[in-house]
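For reference, the chains in residue letters:
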There are 2 protein chains.
Amino acid sequence: MELSCKSEYALLALLELAAQFNCGEPLQIRQIAKRQEIPDRYLEQLLATLRRSGIVRSQRGAKGGYLLTREPWKITLLEIVSCIEGLDKRQAEVNSAPRTVEGNVVLDIWQEAREASETILKSYTLQDLADRRDAQRQLDLMYYI
Amino acid sequence: MELSCKSEYALLALLELAAQFNCGEPLQIRQIAKRQEIPDRYLEQLLATLRRSGIVRSQRGAKGGYLLTREPWKITLLEIVSCIEGLDKRQAEVNSAPRTVEGNVVLDIWQEAREASETILKSYTLQDLADRRDAQRQLDLMYYI
DNA sequence: GTATAACCCCGGTTCTCCACTTGGGATTGC
DNA sequence: GCAATCCCAAGTGGAGAACCGGGGTTATAC
């Protein structure tokens, strides 16, 4: 479960949508891309993936854009990342290989390590992320003064 | 910290060396490769990496081969994997990027998740792996009867 | 001292994936 | 109708993984 550029883009984009959540108006790809400095056509693909797994929904046409389907505190980081990173890939890998005893033992331990990091990611929501960011901004401001 | 083919090969090879540890005789690349069905020329590269970071040492010449430098219970899986996977790569990545506040916050959480899985990997030694394999073999045998 | 069995170094190849681009088509608001 | 917006599909360039091969160098056995 590594932090790829892909996942980070997705998280940053969702942070923008979280900020917009209260007003209920959709936010356009262009806007998000500009604010977070993400290549817009690439972001488009990521948002499509997020849409397919029900984390965001889209509104087509003029004045359209993207919205979160749920409140920011009901979306865990694990959900976001496993959607983007595509966890079915590994699942297939695990099932496919006819393993030796050694291989299986190794695999079990890796599974355990993976679950440990997933537990962390599951414990944070999008809201937590936004809160952390705001707290950090406050700190930065204090040091500046 | 994903389980690549590379890391698995390394672990399997080290398991063979661990079995050999007591008798103190070196084990040849060819032998290891044959037993674990690893392409020998590839394994050669991996063992070279393990040697450079002091996990194994080599004995050249006829009747040469590889040996563990330490007892199997003094080698953690984390050590093996970060040697093979090269953890300096990420470290550089972290230091290089001039990050935004959002990026830093995300990075912090990822760090936390990473540390959780590293804690697991640090808690297992090569000896533990060998013990687990043996236990599993016993189980398999019982089911067979 | 010479053959041999091993390690050592370096470069190339094939394949897959990531990050990104390009070129269209479909839908909606005005 | 037309501009703004999302939707779909394919392609590109570079990096790394998993190998393969050639040509050394070193140490042991005899």
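Residues numbered from 1 in each chain as written. Chains lettered and ligands numbered in written order. Predicted model: local features only at pLDDT ≥ 70, side-chain atom pairs only at ≥ 80, totals over all residues. Heavy atoms only, no water.

Q: Got a minute to help me understand the pairing of strand 2 (residues 65-68) of chain B in this structure?
A: The side chains of a regular strand alternate between both faces of the sheet. Residue and element names in this part refer to chain B. Of the two faces of strand 2, the one carrying Gly65 and Leu67 and the one carrying Tyr66 and Leu68 are both buried. Across 4 bridges, the pairing between strand 1 (residues 56-59) and strand 2 is antiparallel. When the bridges of strand 2 are listed, Arg57 appears paired with Leu67. Between the end of strand 1 and the start of strand 2, which pair antiparallel, lie 5 residues, with Gly61 showing a positive phi angle near 85°. (Buried < 20%, exposed > 50% of the residue type's maximum accessible area, 1.4 Å probe, protein only. Helix = DSSP H or I, 4+ residues; strand = E, 2+ residues; numbered from the N terminus. Pairing = 2+ DSSP bridges.)

Q: Explain the relation of the copies chain B and chain A here, please?
A: Superposing the two chain copies requires a rotation about an axis and a translation along that axis. Superposing chain B onto chain A requires a rotation of 180° together with a translation of 0.1 Å along the rotation axis, leaving an RMSD of 0.1 Å. What the rotation and shift describe, once combined, is the action of a two-fold rotation axis. A share of 100% of interface residues in chain B that are also interface residues in chain A marks the association as one of identical surfaces. (Least-squares fit on C-alpha atoms with pLDDT ≥ 70 in both. Contact = heavy atoms within 4.5 Å.)

Q: Teacher, can you tell me more about the packing of helix 2 (residues 29-36) of chain A against helix 3 (residues 40-52) of chain A here?
A: Axes are the key here: two packed helices are described by the angle between their axes and the distance separating the axes. Residue and element names in this part refer to chain A. One can describe the packing of helix 2 onto helix 3 by two numbers: an axis separation of 9 Å at closest approach and a directional angle of 115°. Helix 2 and helix 3 meet at a crossing whose hand is right-handed. The residues of helix 3 that touch helix 2, namely those facing Ile29, Arg30, Ile32 and Ala33, are Asp40, Leu43, Glu44 and Leu47. Taken together, the residues that form the contact of helix 2 with helix 3 break down as 5 nonpolar, no polar and 3 charged. (Axes fitted to C-alpha atoms, helices over the stretch in contact; angles between N-to-C directions. Left-handed = near helix turned anticlockwise from the far one by under 90°. Nonpolar A, V, L, I, M, F, W, Y, C, P; charged D, E, K, R; others polar.)

Q: Looking at this structure, I do not really get the confidence of the model for chain A. What am I missing?
A: Fine structural detail should not be taken from predicted coordinates in areas where pLDDT scores are low. Across chain A, the average pLDDT comes to 89, with 91% of residues at 70 or higher. Mean pLDDT per element in chain A: helix 5 (residues 88-96) of chain A is the minimum at 49, and strand 2 (residues 65-68) of chain A is the maximum at 97. (pLDDT = per-residue confidence, 0-100.)

Q: What's the story with helix 3 (residues 40-52) of chain B in this structure? I'm lost.
A: Since the α-helix advances by 3.6 residues per turn, residues separated by three or four positions end up pointing in the same direction. Residue and element names in this part refer to chain B. Between the first and last C-alpha of helix 3 there are 18 Å, a value that for 13 residues agrees with the 18 Å anticipated at 1.5 Å per step. Every buried residue belonging to helix 3 is among Leu43, Leu46, Leu47, Ala48 and Leu50, and all of these are buried. One or two residues past the end of helix 3 sits Gly54, with phi positive at roughly 75°. (Expected span 1.5 Å × (residues − 1).)

Q: Is there a simple way to explain the interface of chain B and chain A in this structure?
A: Accessible area lost when the parts come together is the quantity often used to give the size of an interface. The interface is formed by 34 residues belonging to chain B together with 34 residues belonging to chain A. For the pair chain B and chain A, the summed buried surface comes to about 3300 Å²; carbon and sulfur atoms form 70% of the total. Looking only at chain B, the three residues that lose the most surface to chain A are Glu102(B), Ile109(B) and Trp110(B), adding up to 21% of its buried area. Across the chain B-chain A interface, the total number found is 6 salt bridges. Close ionic contact of Arg137(A) with Glu102(B) constitutes a salt bridge, the shortest N to O distance being 3.2 Å. (Buried area = accessible area lost by both parts, 1.4 Å probe. Salt bridge = Lys/Arg side-chain N within 4 Å of Asp/Glu carboxyl O.)

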